[in-house]
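Inside the fold
In case you want the letters, here they are:
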There are 2 protein chains.
Amino acid sequence: MTKINVEKCAKILKDKDNILILMHAHPDGDTLGCGFALCSALLKLGKKAKAVCADVIPSKYGYLFEGVEMPDFKEEYIVSVDVAAEKLLGDFEKVYGGRIDLCIDHHATNSGYAEYLLLNADAAAAAETVLKVIKALGVKIDKHIADCLFTGISTDTGCFRYASATSNTYRAAAELIDYGAENGMINRAMFETKTWSYAALERLALEGMEFYGDDRICLIAVTRDMYEKTGTQEQDTEAIPPLTRQIEGVEIGLTLREKEDGTCKCSIRTYESVDASKLAAFFNGGGHKQAAACELDCNIDEAKRRLVEKSLEMI
Amino acid sequence: MTKINVEKCAKILKDKDNILILMHAHPDGDTLGCGFALCSALLKLGKKAKAVCADVIPSKYGYLFEGVEMPDFKEEYIVSVDVAAEKLLGDFEKVYGGRIDLCIDHHATNSGYAEYLLLNADAAAAAETVLKVIKALGVKIDKHIADCLFTGISTDTGCFRYASATSNTYRAAAELIDYGAENGMINRAMFETKTWSYAALERLALEGMEFYGDDRICLIAVTRDMYEKTGTQEQDTEAIPPLTRQIEGVEIGLTLREKEDGTCKCSIRTYESVDASKLAAFFNGGGHKQAAACELDCNIDEAKRRLVEKSLEMI
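Position numbers for residues start from 1 in each chain and track the written sequence from start to end. Labels follow written order: the first chain is A, the first ligand is 1, and so on. Selection of residues for local features in this predicted model requires a pLDDT of at least 70, selection of side-chain atom pairs for listing and counting requires 80 or more, and totals for whole chains, interfaces and linings are taken over all residues. By convention in this description, side-chain values take in all heavy atoms of the structure and omit both hydrogens and water.

1. Some words on the pattern of salt bridges
Two side chains carrying opposite charge are able to pair once their charged atoms lie near each other. All names here are of chain A. Salt bridges, as used here, are contacts in which a Lys or Arg side-chain nitrogen is within 4 Å of a carboxyl oxygen on Asp or Glu. Summed over all chains, the structure comprises 44 salt bridges over all chains. Ionic pairing is found between Asp-72 and Lys-50, a salt bridge with its closest N-O pair at 3.3 Å. Linking Asp-72 in the loop between strand E3 (49-53) and strand E4 (77-81) with Lys-50 in strand E3, this pair joins segments that are 22 residues apart in sequence. Given the relative accessible area of 68%, Asp-72 is considered exposed. Where helices and strands are cited, they refer to DSSP runs of H or I of at least four residues and of E of at least two residues respectively, numbered from the N terminus. Exposed residues in this analysis have more than 50% of their type's maximum accessible area, buried residues have under 20%, and partly exposed residues fall in between, with area computed by a 1.4 Å probe over protein chains only.

Below, the structure written as structure tokens:
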């Protein structure tokens, strides 16, 4: 693995064609925004490019790829965006694992799986770096690319809430608005709009909040039963984890999601006092200092027990 | 009333002393941020200055004035910040009405009550303009001033969510972060922290949501009974109005708050399709296109009836 800078990254991409862009599974606004923005930019340079993800892309992100005509081709160069480790590719790990040529990322924990790595761990979103790469490619940033990258920045900072957003993050957002990004529409779609079914799920989640460790740990368990009652699916739960961290005094927020096979995933949210990626790492997961995730090969009650036990050790 | 620009405003302030700064009643982050930032700046210039508000300042805003030593003096010049009309001064209207020398504001509906008006209706927050004034005054912006102004911008844009935030808004935020504003801490305190009592109130509010007009109108009524049950007060309800606008398809969100005398206030939130200030104006209130407020001299059931009736005419 060789670490590279923005200019080198742009130079490599200029020399390649038939470029496949991989986004991580259980996709979020940053991986999708980066993937489709970079794809658009490469298409504008006359190259063949395609951005793909192993999982279904939630419909609210539709505007990120509507109108982008991605050709079919046999990939000659494989790029991943916002993917900290190959296992985060989900079902694509089997297909593309060990074959990734270039990775653009902002996770300090990036495992270094790609031949070339453009990593800016100070960026709040990978989209901040993809913006620089696209500018270095000499591509004129149009409204679509601006919308994609603004989405990446906005979603990865919880709409500019998190301490991870630096003045550079805000300046990148300003620049993208000047390029035509519809910040109001995007933030409304990402953060202000609840479907009726999600609103029902959120209400159940709030009612079922559990507290441990002198109320310093807050846990929400989203069960299959709750999905059924409200007509929601796992992909509708993105806005639940931030709820666990909002009550005064909470230092660790745990969101468990029951999978179809009865095992579960956990999203971890913390504040400065606890490193979420360390807690996740104990269960073979990973992420950032204040937002991380892991999977547990047990039922939800056992997962609760294990996670709370380990969380208590960390506060 | 004479409209003035930033430079003229700074020139006037430089020539004056013993300056009283008025913030609006039921204070929000923008009026408070502007008031205490401007006060700090004038103190730094060696002037006597004081920022005051007719209502109690909610404790979460404590960091805006902690450590600011405001001297006592007989006011010689009166400035208002983020105050669209004199009646919004609350109990201070009687004391200072008709005597205000200078107003710095961003409400297009400003009534022009002051002798001089510095109005930028394109700014998402009055704090954007106060930042310019402080720079024109030649005051070095320290961390405290930066925290104040960042708070104004962040709170008036719903943490950068609203379409009112322009690229200039994001750039002002970036500049303030470079001056030392603790964006993460501020946004956490303003948007990410729910007290236990507020969390209980919010749950009741969500449970009691009412829908009208094919679900295009959402109404939450916060009653005295709900305050009692949850140990909250009116000043704890700031985060309720945005909840009314979050459900898909809702165009008008109404939040009624029952006052001690049994009459009520209403906060109105809308999207592009409806002008909230027009709806508020019908009840002698005012505000912005997508966020406005009014008071009704009747009980909560009658207020619901009147507001819903008028809302139905507007969608």
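That shown, we press on.
2. Concerning the sheet that holds strand E11 (residues 286-287) of chain B
Residue and element names in this part refer to chain B. Two strands pair under a simple rule: DSSP has to find at least two bridges between them. Read from one edge of the open sheet, 6 strands run E7-E8-E9-E10-E12-E11, paired in mixed fashion. Both edges of this open sheet fall to strand E7 (210-212) and E11, since each of them pairs with a single strand only. Two elements, E7 and strand E8 (residues 217-222), share 3 bridges in a ladder whose sense is antiparallel. Its bridge partner lying in E8, Glu-210 is registered against Leu-219.

3. Re the packing of aromatic side chains
When the centres of two rings from Phe, Tyr and Trp lie within 6.5 Å, Trp using its six-membered ring, the rings pair. Their planes under 30 degrees apart give stacked, over 60 give edge-to-face, and anything left gives tilted. By the definition in use, this model includes 18 aromatic pairs over all chains. With 5.3 Å between their ring centres and 40 degrees between their planes, Phe160(A) and Tyr170(A) make a pair best called tilted. Taken together, the positions of Phe160(A) in the loop between helix H5 (143-156) and helix H6 (167-178) and Tyr170(A) in helix H6 put the pair 10 residues apart, joining distant regions of the chain. An identical accessibility class is assigned to Phe160(A) and Tyr170(A); each is buried. For the ring pair Phe160(A) and Tyr170(B), a centre distance of 5.0 Å and an interplane angle of 70 degrees mean the geometry is edge-to-face. Placement of Phe160(A) in the loop between H5 and H6 and of Tyr170(B) in helix H6 (residues 167-178) is noted, with the two residues assigned to different chains. Residue class for Tyr170(B) comes out buried when judged on its relative accessible area of 0%. Between the NZ or CZ atom of Arg245(A) and the centre of the ring of Tyr271(A), over which it lies, the distance is 4.6 Å. Lysine NZ or arginine CZ positioned within 6 Å of the ring centre and within 35 degrees of the ring normal marks a charge as sitting over the ring.

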